[in-house]
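Close look at the chain arrangement
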Amino acid sequence: MKKNIVVIEGDGIGPEVTRQSVKVLTTIAERFHHTFSFSYFLMGAIAIDRTGVPLPNETIEACLNCDAILFGAIGHPKYDNDPSAKIRPKQGLLKLRKSLQLFANIRPVTTYPSLHHLSPLKTKNIEEVDFVIFRELTGGIYFGKKEVNEANTEASDLCVYTREEIERISHLAFRRAQQRRKKLTLVDKANVLETSRLWRKVVQEIARQYTDVAVDFLYVDNAAMQIILNPKQFDVILTENMFGDIISDEASVISGSLGLLPSASVGKGAALFEPIHGSYPQATGKDIANPLGSILSAALLLDHFGLYEEAGLLREAVDWTLQNGFVTKDIDPVNFYFTSTIGELICDYVGNRIPGDIINKANIELRKSTII
Ligand code: IPM
Ligand code: MN
């Protein structure tokens, strides 16, 4: 299989984690005889620094003409901490989502037994948690009309949804539910918001086409509570843009590390894959960030290409590192391995360079961090 992948490393730890994914994808391509070609483009603070805008046109062009996009992270304090700044890195990401019509952001939430102790929740509540959030990504309050009066004493953000916007993501979510445990929960605020009432109406109508899927409805405030109290109850969660933004960050901590969660944004053209963590400026360049969020996003990219065996092997490699204690500093602040070492270990695993169960820990120890 031949695929052209656009890589947008972005800001902060974006470049160092994305490089691990490129290494891993390259190793997978070699082993399975695929040709993945990578081309690099700018977005975010780095793009502002180099070109004056957060999303140069050539980046949009490249994304419109590729098979998939691998993205790192966006944001830098020098722009983000200034509320009066006219140009901000994150505008780049929002514009890219809109330009590519990436209308569904898909965030799987799973837990790993070896990390249960890191979760803020009790182990008995998080065992076997496995759900996926479908967040609408190109509508709602994020993209409605924004106004502020001249005196700067009044501001407004309009929340707008059309039936078509709700329908297209709902079909994706229902189809996913059919392949899973056949349960879909719509999260909204239908007791207050007109847009939420439209979501309910449209989802109820669509549900008639998916009679094998059980549908329920939760107000977002209750959903926020249920995700903490009893996350096992969820299978597919469907929600609008801002509610999805908030509950997916909330859900991300269940696993024990924000650094582990991947996401896929899909739409009309090429899909985009990115870890859900941010640019983590304090860790930039230190080789300590967790690359697994990005590497698991690369696994979603392989799924998207229909390369399920390759994606499965990659997930197996990730499990193998976690089970053997090859983890970054966010997971074990004392005995930790560098970002690049984890990337190499995963390459060794997917490249079949680790003989069965016999791991030469002594050699790997040499690549371990000595900084405590
Ligand atoms: C996310 C981020 C973005 C969002 C920011 C960076 C604009 O928080 O991808 O969840 O709010 O959508
Ligand atoms: Mn967010």
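Ordered in space as S2-S1-S3-S12-S11-S4-S5-S10-S8-S9, the ten strands form an open sheet in which the pairing is mixed. The strands lining the two open edges of the sheet, one partner per strand, are strand S2 (35–40) and strand S9 (214–219). Neighbour-to-neighbour, the strand axes of this sheet turn through a mean angle of 25°, independent of strand direction. Where strand S1 (residues 2–10) and S2 come together, six bridges link them in parallel fashion. Within the sheet, the bridge partner assigned to Asn4 lies in S2 and is Ser37. Relative to the sheet, helix H10 (residues 241–252) contacts strand S4 (104–110), strand S5 (130–136), strand S8 (183–188) and strand S10 (236–239), its axis offset from that of S5 by approximately 150°.

Moving on: the pattern of salt bridges. For the structure on display, the rule yields 19 salt bridges. The salt bridge partner of Glu344 is Lys23, with a shortest N-O separation of 3.9 Å. Placement of the pair is Glu344 in helix H13 (residues 339–350) and Lys23 in helix H1 (residues 14–32), with a sequence separation of 321 residues. In this structure, Asp245 engages Arg135 in a salt bridge whose closest nitrogen and oxygen atoms are separated by 3.6 Å.

What follows is about the pairing of S5. Counting buried positions along S5 yields six of seven residues, so the element is predominantly enclosed. Sheet analysis places S4 next to S5, joined by seven bridges and oriented antiparallel. The residue bridging Ile106 from the neighbouring strand is Phe134, located in S5. Pairing between S5 and S10: four bridges, direction parallel. For Arg135, the partnering residue across the bridge sits in S10 and is Thr239.

The next thing to look at is the environment of Lys232. The topology assignment puts Lys232 in the loop between helix H9 (220–229) and S10. Each C-alpha atom, one on Lys232 and one on Phe131, is 7.8 Å from the other, the two residues being 101 residues apart in sequence. Setting aside anything within four residues of it in sequence, one finds Lys232 in contact with Lys124, Asn125, Ile126, Glu127, Glu128, Val129 and Arg181. At 2.7 Å, the side chain of Lys232 and the backbone oxygen of Lys124 are in polar contact.

The nonpolar side chains of soluble globular proteins are, as a tendency, buried together. Grouped together as the largest cluster of nonpolar side chains are 68 residues, with contacts concentrated most on Leu238, Leu314 and Ile346. With eight residues, helix H11 (residues 292–304) is the single largest residue contributor to this core. Counting only domains with at least three residues in this core, you end up with domain 1 (1–105 + 258–372) and domain 2 (120–255). Those residues in contact with Leu314 that sit more than four places away from it in its chain are Val24, Ile28, Ile295, Ala298, Ala299, Leu302, Ile346 and Val350.

Rules of the game
- Residues numbered from 1 in each chain as written.
- Chains lettered and ligands numbered in written order.
- Predicted model: local features only at pLDDT ≥ 70, side-chain atom pairs only at ≥ 80, totals over all residues.
- Heavy atoms only, no water.
- Pairing = 2+ DSSP bridges.
- Helix = DSSP H or I, 4+ residues; strand = E, 2+ residues; numbered from the N terminus.
- Axes fitted to C-alpha atoms, helices over the stretch in contact; angles between N-to-C directions.
- Contact = heavy atoms within 4.5 Å.
- Salt bridge = Lys/Arg side-chain N within 4 Å of Asp/Glu carboxyl O.
- Buried < 20%, exposed > 50% of the residue type's maximum accessible area, 1.4 Å probe, protein only.
- Polar contact = N/O pair within 3.5 Å; in protein donor to acceptor, adjacent residues only side chain to side chain.
- Core = buried A, V, L, I, M, F, W, Y, C linked by side-chain atoms within 4.5 Å.
- Domains from an automatic or database assignment.

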